[in-house]
Amino acid sequence: MTDNAEKTILLVDDSPLFLTQMRDLLGEASFRTIECSDSRKARDIIEGRHRDLDLIITDLKMPRWDGFELIGWLRDQPYGESIPVVVMSGAYELSEIVDRLNELKVNGMLNKGAHPHHIVTRVNSILFPEMEEKRQYERVSVHIPSSYTLDGVAHDAVITNISLGGCFLVTGDLAPANEVVSVKIALSDPERIILQSGEVVWVVGKESWSGKKQAIQGMGVQWVGLIHPVRLLLESYIEDVLKTERLFTIFSP
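Report on the accompanying structure. (Residues numbered from 1 in each chain as written. Predicted model: local features only at pLDDT ≥ 70, side-chain atom pairs only at ≥ 80, totals over all residues. Heavy atoms only, no water.)

Focus: the side chain of Arg75
Reasoning step 1: Residue position: Arg75 is located in helix H3 (residues 67-75).
Reasoning step 2: No salt bridge forms around the buried Arg75; measuring N to O, its nearest opposite-charge neighbour Glu81 is 6.3 Å away.
Reasoning step 3: Among residues more than four places away in sequence, those in contact with Arg75 are Gly80, Glu81, Ile83, Val85, Leu104, Lys105, Val106 and Asn107. (Helix = DSSP H or I, 4+ residues; strand = E, 2+ residues; numbered from the N terminus. Buried < 20%, exposed > 50% of the residue type's maximum accessible area, 1.4 Å probe, protein only. Lys, Arg positive; Asp, Glu negative; His and termini not counted. Salt bridge = Lys/Arg side-chain N within 4 Å of Asp/Glu carboxyl O. Contact = heavy atoms within 4.5 Å.)

The structure is reproduced here in structure tokens:
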């Protein structure tokens, strides 16, 4: 079982608002965080506490030292390659900087406009790689406005990850355990709409089965009776997404 509370993440960004948002998001996901708004002060924190750090999430465009300089300094330290780094930026297109990030052995990149569930998913995949390895099907991060139907009533939702095994629905209307729901999936264009049955297998959020508040409210759905034509459509769609997704998981140590 994963224990987020044992993981400490250093957040580096010159925006106090963004630091607060990330602290709240990751805190609700039960991670410990250290926030720093100055990249050179972040260097001092790393020097003093590198044994305690499980992950660094840093902005790229900052005054004084930018993110590239901070990561470059880190990788030059004896302990530097043992600490994974995720960069978050709204200032660069990935295609412009992928070679530089590869040289710095960055573990992944996220856009600052990413859905909160995508951020938590990426962090979990880096800190708990064994959980990803146990998955039967590879999942991809998406943002598909959707809905699910239970007992003839439709509820708004957003699909934030999807695989050949199921999907995660972000929704304020949580279904009971083991209920079979019909999920509306619109793939890449309005003409490719799938209505697929699935069983609710887990729930997170303020009304979750555990009663523990979480950063994201929604539910995991496992497909039931996936017919061959639908499987082919999903396989094609997931492979297309993976071509981009693999760029965002840039370096694999």
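Describing the nonpolar core
Soluble globular proteins: nonpolar side chains tend toward being buried together.
Reasoning step 1: Residues Ile159, Ile162, Leu169, Val183 and Ile185 are the most contacted members of the largest nonpolar core, which totals 29 residues.
Reasoning step 2: Listing elements by their share of this core, those giving two or more residues are strand E6 (140-150), strand E7 (153-162), strand E8 (166-170), strand E9 (180-186), strand E10 (193-204), strand E11 (218-223) and helix H7 (228-248).
Reasoning step 3: Per element, the largest residue contribution to this core is six residues, and it comes from H7.
Reasoning step 4: Contacts of Val183, omitting those with residues within four sequence positions, involve Ser146, Ser147, Tyr148, Ile159, Cys167, Leu169, Ile194, Leu195, Gln196, Val221 and Trp223.
Reasoning step 5: One finds Leu10, Ile34, Leu70 and Leu104 within the second-largest nonpolar core, a separate group that totals 25 residues. (Core = buried A, V, L, I, M, F, W, Y, C linked by side-chain atoms within 4.5 Å.)

Observations concerning the pairing of E10
Reasoning step 1: Where E9 and E10 come together, seven bridges link them in antiparallel fashion. The residue bridging Lys184 from the neighbouring strand is Leu195, located in E10. (Pairing = 2+ DSSP bridges.)

Here's the deal with the sheet that holds E10
In a beta sheet, neighbouring strands are held together by backbone hydrogen bonds and run either parallel or antiparallel to one another.
Reasoning step 1: Around the barrel, six strands lie side by side as E6-E7-E8-E11-E10-E9; this closed barrel has antiparallel pairing. Taken pair by pair, the neighbouring strands of this sheet meet at an average axis angle of 45 degrees, ignoring direction.
Reasoning step 2: Helix-sheet contacts for helix H5 (residues 116-127) involve E6, E7 and E8, and the interaxial angle to E7 is about 40 degrees. (Axes fitted to C-alpha atoms, helices over the stretch in contact; angles between N-to-C directions.)

Things to note about H5
Reasoning step 1: With 12 residues, H5 extends 17 Å between its outermost C-alpha atoms, agreeing within 8% with the 16 Å of an ideal straight helix rising 1.5 Å per residue.
Reasoning step 2: Of all 12 residues in H5, nine are buried; the element is thus mostly enclosed. (Expected span 1.5 Å × (residues − 1).)

What about the side chain of Thr171?
Reasoning step 1: Looking at where Thr171 falls in the secondary structure, it is placed in the loop between E8 and E9.
Reasoning step 2: Owing to a relative accessible area of 5%, Thr171 belongs among the buried residues under this scheme.
Reasoning step 3: In this structure the side chain of Thr171 is engaged in a polar contact, spanning 2.9 Å, whose partner is the backbone oxygen of Asp156.
Reasoning step 4: Polar side-chain contacts of Thr171 include one of 3.1 Å to the backbone nitrogen of Asp173. (Polar contact = N/O pair within 3.5 Å; in protein donor to acceptor, adjacent residues only side chain to side chain.)

As for the sheet that holds strand E4 (residues 85-89)
Reasoning step 1: On the basis of which strands lie adjacent, the open sheet formed by five strands has the order E2-E1-E3-E4-E5 and parallel pairing. Every other strand in the sheet has two partners, leaving strand E2 (32-36) and strand E5 (108-111) as the edge strands with one partner each. Pairs of neighbouring strands in the sheet enclose a mean axial angle of 20 degrees, with direction left out of account.

A word on empty space enclosed by the protein
Here the idea is plain: a probe the size of a water molecule rolls over the atoms and shows the empty space left.
Reasoning step 1: With the rule as written, the count across this model stands at one cavity of 30 Å³ or more.
Reasoning step 2: Considered as a void within the structure, the largest cavity measures approximately 50 Å³ in volume.
Reasoning step 3: For the largest cavity, the full set of lining residues is Leu11, Val12, Asp13, Phe18, Leu19, Met22, Ile57, Thr58, Asp59, Met88 and Lys112.
Reasoning step 4: Among the elements of the structure, strand E1 (8-12), helix H1 (16-28) and strand E3 (55-59) are those that each provide at least two residues to the lining of the largest cavity. (1 Å grid on protein atoms, 1.4 Å probe; cavity = no way out; pocket = protein on both sides within 12 Å on 5 of 7 lines; lining within 4 Å. Points joined across faces, edges and corners; volume = space filled by probe spheres on them.)

Observations concerning the environment of Glu47
Reasoning step 1: Along the chain, Glu47 falls in helix H2 (residues 39-49).
Reasoning step 2: Under the relative-accessibility criterion, Glu47 is labelled partly exposed at 44%.
Reasoning step 3: Along the primary structure Glu47 and Gln77 are separated by 30 residues, whereas in three dimensions their C-alpha atoms are 9.1 Å apart.
Reasoning step 4: What Glu47 contacts, discounting residues up to four positions off in sequence, is Trp73 and Tyr79.

These values are about where atoms sit, not about what they do.
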